[in-house]
Amino acid sequence: MALIDDIRNALVVGNAPKVTELTRQALEGNIPVIEILNSGLVSGMDIVANKWKSGEYYIPNVLIAARAMKQGMEIIKPKLIEGDYKAKAVAVAGTVKGDLHDIGKNLVVMMMEGAGFEVVDLGTDVAADKFIQAARDKKADLILMSALLTTTMMGMKDVVAAVKNSDLKGKVKTMVGGAPITDKFAQEIGADGYAPDGSSAVEKAKSLLGIAA
Ligand code: B1M
């Protein structure tokens, strides 16, 4: 679809005003929000990732594309989270210590909110004790962790261990995700769940907490 292609292309070159405008047009044209997200914004970010990997793009190119992605996500957010606002459960979410990537984490937070979860977003570079404190303060059912770097993913193990060594043991489930994370890794560090993307994160969270789909 031409409009979706245009959103993707504008994101790849980091043209945030154009991404914003075209995303708004797509919503007004009743293009399904999931299609705008997956075929436009996420697919554009995949192209950016490949260009960086191949050396065609440098960090400034990636940063302006990430800014365009965020602005596009802001436009679709109300549509993505509309519907049942009744909190089914409380989750705290964050990108682990040392890691500043937040696009995927923000996406997961939006999808969880859209499914009725109350999510307390702790942002990026979140240390284990901050996850624990927030989970305790908010009486959370679930801790959602994201990591994009192989050098930070072990921070998830610290959080899982901190939960098991605290009064939260048995009360709070832990879930992990992010580009370098696998189901095998989740099992190795003792996390309760893993999901490869936002939609499956919602399904996994519901199944961990025994919430009917
Ligand atoms: Co970064 N970076 N980066 N970066 N960056 C990667 C991750 C990298 C793979 C690129 C590459 O080299 N090919 C590489 C990591 C290599 C490695 O660890 N082996 C890398 C590097 C090296 C770095 C720096 C170290 C670069 C430098 O400074 N020399 C630096 C680190 C900074 C830091 O964190 N301390 C850095 C910086 C940056 C930018 C600031 C420029 C920017 C981040 C902007 C931002 O987030 N606000 C950036 C970006 C954009 C990327 C890539 C290109 C794209 C990431 C992204 O947003 N993807 C990335 C390449 C890649 O991933 N292939 C890369 C789109 C997003 C929708 O996907 O985040 O995977 P993702 O989320 C998905 C799933 O993973 C999942 O659902 C989401 C939706 O489907 N998911 C979960 C995520 N969290 C989940 C949690 C769940 C469940 C599912 O449950 C709790």
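None of these values were measured; they are calculated from a predicted model.

Where helix H3 (residues 33-53) contacts helix H4 (residues 59-81), the axes come no closer than 10 Å and their chain directions differ by 170 degrees. Here H3 lies roughly antiparallel to H4, going by the angle between them. For the pair formed by H3 and H4, the contact residues are Val-33, Ile-34, Ile-36, Leu-37, Leu-41, Val-42, Met-45, Val-48 and Trp-52 on the first element and Ile-59, Val-62, Ala-65, Ala-66, Met-69, Gly-72, Met-73, Ile-76, Lys-79 and Leu-80 on the second. Tallied by class, the residues present in the contact of H3 with H4 amount to 17 nonpolar, one polar and one charged.

Let us now look at the packing of aromatic side chains. Here the structure, examined in full by the defined rule, presents zero aromatic pairs. The positively charged end of Lys-51 is found above the aromatic ring belonging to Tyr-57, 5.6 Å away from the centroid.

Neighbouring the ligand are 34 residues; Leu-100, His-101, Asp-102, Ser-146 and Thr-150 lie closest to it. A distance of 2.8 Å is found between a nitrogen atom of the ligand and a side-chain nitrogen or oxygen belonging to His-101. Taking Ser-146, its side chain carries an N or O atom lying 2.8 Å from a nitrogen atom of the ligand. Listed by contribution, the elements that provide at least two residues to the shell around the ligand are H3, H4, helix H5 (103-114), strand E3 (142-146), strand E4 (173-177) and helix H9 (198-209). Broken down by element, the residue count for the shell around the ligand peaks at five residues, all from H4. Here the shell around the ligand is composed, by residue class, of 21 nonpolar, eight polar and five charged. Taken domain by domain, the shell around the ligand gets at least three of its residues from each of domain 1 (2-82) and domain 2 (90-209).

Moving on: the side chain of Thr-152. Of note, Thr-152 is situated in the loop between E3 and helix H7 (155-164). Judged by its relative accessible area of 7%, Thr-152 falls in the buried class. In this structure, Thr-152 is in contact with Val-96, Lys-97, Gly-98, Asp-99 and Ala-147, ignoring residues within four places of it in sequence.

Turning our attention to the domain arrangement of the protein chain. In terms of domain boundaries, the protein chain breaks down into domain 1 (2-82) and domain 2 (90-209). Computed from C-alpha coordinates alone, the two centres of domain 1 and domain 2 are separated by 25 Å. Taken together, the 12 residues of domain 1 in the interface contact eight residues of domain 2. Of the roughly 900 Å² buried where domain 1 meets domain 2, counting both sides, 80% is carbon and sulfur surface. Contact with domain 2 buries surface across domain 1, with Lys-70, Met-73 and Ile-81 losing the most and accounting together for 47% of the total.

Inspection of the coordination sphere of the cobalt atom of the ligand shows a single protein donor, His-101 (NE2), at 2.1 Å. When you line up the elements, His-101 lands in the loop between strand E1 (90-95) and H5.

Ranked by size, the top nonpolar core spans 48 residues in total, and within it Leu-11, Leu-41, Val-48, Met-112, Phe-117, Leu-142 and Met-175 carry the most contacts. Contributing elements (two or more residues each) for this core: helix H1 (2-12), helix H2 (16-28), H3, H4, E1, H5, E3 and H9. Counting residues per element, this core draws most heavily on H4, which supplies nine residues. Looking at which domains feed residues into this core, each of domain 1 (2-82) and domain 2 (90-209) gives three or more. Apart from the residues lying within four places of it in its own chain, the contact partners of Phe-117 are Lys-88, Ala-89, Met-112, Ala-205, Lys-206, Leu-209 and Ile-211. Leu-122, Ala-134, Ala-140 and Ile-143 belong to the second largest nonpolar core, which has 28 residues in total.

Looking now at the pattern of salt bridges. Evaluated as defined, the whole model comprises six salt bridges. Glu-56 serves as the salt-bridge partner of Lys-51, at 3.0 Å between the closest nitrogen and oxygen. On the accessibility criterion, Glu-56 (49% relative accessible area) is partly exposed. Of the charged contacts in the structure, one is a salt bridge between Lys-184 and Glu-188, with a shortest N-O distance of 2.9 Å.

What counts, and where the lines are drawn
- Residues numbered from 1 in each chain as written.
- Predicted model: local features only at pLDDT ≥ 70, side-chain atom pairs only at ≥ 80, totals over all residues.
- Heavy atoms only, no water.
- Axes fitted to C-alpha atoms, helices over the stretch in contact; angles between N-to-C directions.
- Helix = DSSP H or I, 4+ residues; strand = E, 2+ residues; numbered from the N terminus.
- Parallel < 35°, antiparallel > 145°, perpendicular 65-115°, else oblique.
- Contact = heavy atoms within 4.5 Å.
- Nonpolar A, V, L, I, M, F, W, Y, C, P; charged D, E, K, R; others polar.
- Phe/Tyr/Trp six-rings, centres within 6.5 Å; stacked < 30°, edge-to-face > 60°.
- Lys NZ or Arg CZ within 6 Å of the ring centre and 35° of its normal.
- Near = heavy atom within 4 Å.
- Polar contact = N/O pair within 3.5 Å; in protein donor to acceptor, adjacent residues only side chain to side chain.
- Domains from an automatic or database assignment.
- Buried < 20%, exposed > 50% of the residue type's maximum accessible area, 1.4 Å probe, protein only.
- Buried area = accessible area lost by both parts, 1.4 Å probe.
- Donors = N, O, S within 2.8 Å, 3.2 Å for Na, K, Ca; no water.
- Core = buried A, V, L, I, M, F, W, Y, C linked by side-chain atoms within 4.5 Å.
- Salt bridge = Lys/Arg side-chain N within 4 Å of Asp/Glu carboxyl O.

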